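Below are the chains, spelled out letter by letter.
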Amino acid sequence: MRLLRIHTDDGLRDAVVADDGRVVTLPGTSEAFDPDRWRERAAAATDAAVEFEAVRLAAPLNPGKIVCVGLNYADHAAEGGQQAPAEPILFMKAPDTVVGAHDDVVIPRGGEKTDWEVELGVVIGRTASYLVDEVAAMEHVAGYVLVNDVSERHFQLERCGQWDKGKNSATFCPLGPWILTADEVPDPQAIKLGLDVNGEALQDSSTAEMIFGVAHLVHYISQFMTLYPGDVISTGTPAGVGAGQKPPRYLRAGDVLRVWADGLGEQHNRLVAAL
């Protein structure tokens with residue numbers, strides 16, 4: 001099932017994408033993330049389906065937290081001149097970085113090197129703490145979502161301190177367009193994903209290239225923090241980011257990103273300058 005949220009005259013509404021690609025709005029107002037409840041409401045939906053292109057997309061959920069994994073593709077580590085890590089590198093993005101799949105991305109004031117990172121997002125469906133193994137970890141995954149971990153490299157790498165200062169500007173985490181439930185993803189390590197800038201393909205890879213797979217990441221992260229329903233793990237990006245181009249290439253106002261992954265849809269985001 002493809003779960004999404006849309007803007008309506010009555011506020012945010014939960015919805016699903018039907019098999020024919022049209023959107024069915026669910027009864028009631030948008031609620032806390034609960035995949036089982038989403039299915040129940042989908043079964044009871046009576047609203048007429050509308051064309052996908054006719055709806056105004058919102059982010060498909062509001063994560064309590066977004067846990068990001070750094071340098072999780074060997075080719076991405078190599079393009080930055082770094083070794084592949086022995087353990088997952090973790091950092092956080094704040095919930096208020098989240099925007100929808102068609103929303104603008106804002107280059108922050110003082111930003112000089114705004115960069116892109118297509119990633120597979122893992123949506124947690126059950127509270128997870130100190131999981132015993134990777135099998136148990138997968139039982140806590142509700143589904144998957146497309147993520148763009150937008151980064152301001154000048155802030156991240158040249159302004160000292162934690163990576164977080166380059167990761168948390170408003171709009172720096174486009175999510176969606178939808179969540180694809182885990183039962184429709186037979187192998188999360190076999191998803192093709194990529195990113196174009198102004199129509200030029202710059203990232204084109206597969207989650208098969210991840211150093212630490214989804215099961216390992218969910219199990220590993222649960223040893224350090226509790227994961228709650230609706231939390232998102234952003235699993236890292238492959239090679240092809242702006243900092244890895246020769247010469248490096250960064251985003252400017254007016255640029256358009258197309259971000260995609262098999263089964264997870266596409267994002268189309270325009271870059272604008274902060275006011």
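Shown above is the structure to which this text applies.
Everything numeric here is computed off the predicted structure, so don't read it as measured data.

Caption draft 1: A look at the side chain of D115. Here D115 lies in strand β9 (residues 114–115). Residue D115 is classed as buried on the basis of its relative accessible area, which comes to 0%. Polar contacts involving the side chain of D115 include one to the side chain of R153, which spans 2.8 Å. In contact with D115, other than residues within four places in its own chain, are V150, S151, R153, V241, G242, A243, Y250 and L251.

Caption draft 2: Geometry of helix α5 (residues 214–221). For α5, a buried count of seven out of eight residues is recorded, marking the element as mostly surrounded by other parts of the structure. All of the buried residues in α5 are V214, A215, L217, V218, H219, Y220 and I221. Residues of α5 that are buried sit in contact with β5 (66–70), β6 (89–93), β10 (118–124), α3 (134–138), β11 (141–148) and β16 (232–234).

Caption draft 3: Main features of empty space enclosed by the protein. Considering all chains together, one arrives at one cavity of 30 Å³ or more under this definition. What the largest cavity holds in volume is close to 30 Å³. In this structure, the largest cavity is lined by D14, E31, A32, D34, R37, W38 and R41. It is helix α1 (residues 35–43) that contributes the most residues to the lining of the largest cavity, three residues altogether. For the lining of the largest cavity, the per-class residue count stands at two nonpolar, no polar and five charged.

Caption draft 4: Geometry of the environment of S234. By the secondary structure assignment, S234 is in strand β16. Setting aside residues no more than four positions away along its own chain, S234 makes contact with V67, C68, V69, E119, L120, G121 and V147. Within polar-contact distance, the side chain of S234 engages the side chain of E119 at 2.6 Å.

Caption draft 5: A look at the side chain of D231. Take D231: it is sitting in the loop between α5 and β16. Residue class for D231 comes out buried when judged on its relative accessible area of 3%. In this structure the side chain of D231 is engaged in a polar contact, spanning 3.5 Å, whose partner is the backbone nitrogen of G64. A polar contact is formed between the side chain of D231 and the backbone nitrogen of Y228, at a distance of 2.8 Å. When sequence neighbours within four positions are dropped, the list of residues in contact with D231 reads G64, K65, V122, V123, I124 and T226.

Caption draft 6: Up close: the sheet that holds strand β8 (residues 105–107). Spatially, β8-β18-β17-β14-β15 is the arrangement adopted by the five strands of the open sheet, whose pairing is mixed. Edge positions in the sheet fall to β8 and β15 (200–206), since each of these pairs with one other strand and no more. Put simply, the sheet's adjacent strands are angled 20 degrees from each other on average, direction ignored. With six bridges connecting them, strand β14 (residues 192–197) and β15 associate as antiparallel partners. Looking at the pairing, G194 lines up with D204 of β15.

Caption draft 7: Molecular detail of the layout of surface pockets. Volume-wise, the largest pocket comes out at about 290 Å³. Looking at the largest pocket, it is lined by 22 residues, and the ones nearest its centre are L71, H76, Q82, R153 and Q156. Looking at the lining of the largest pocket, the elements that each hand over two or more residues are β5, α2 (74–79) and α4 (153–158). Broken down by element, the residue count for the lining of the largest pocket peaks at three residues, all from α4. Considering only residue class, the lining of the largest pocket consists of seven nonpolar, nine polar and six charged. Taken as a whole, the second largest pocket holds about 180 Å³ of empty space.

What counts and how
Residues numbered from 1 in each chain as written. Predicted model: local features only at pLDDT ≥ 70, side-chain atom pairs only at ≥ 80, totals over all residues. Heavy atoms only, no water. Helix = DSSP H or I, 4+ residues; strand = E, 2+ residues; numbered from the N terminus. Buried < 20%, exposed > 50% of the residue type's maximum accessible area, 1.4 Å probe, protein only. Polar contact = N/O pair within 3.5 Å; in protein donor to acceptor, adjacent residues only side chain to side chain. Contact = heavy atoms within 4.5 Å. 1 Å grid on protein atoms, 1.4 Å probe; cavity = no way out; pocket = protein on both sides within 12 Å on 5 of 7 lines; lining within 4 Å. Points joined across faces, edges and corners; volume = space filled by probe spheres on them. Nonpolar A, V, L, I, M, F, W, Y, C, P; charged D, E, K, R; others polar. Pairing = 2+ DSSP bridges. Axes fitted to C-alpha atoms, helices over the stretch in contact; angles between N-to-C directions.

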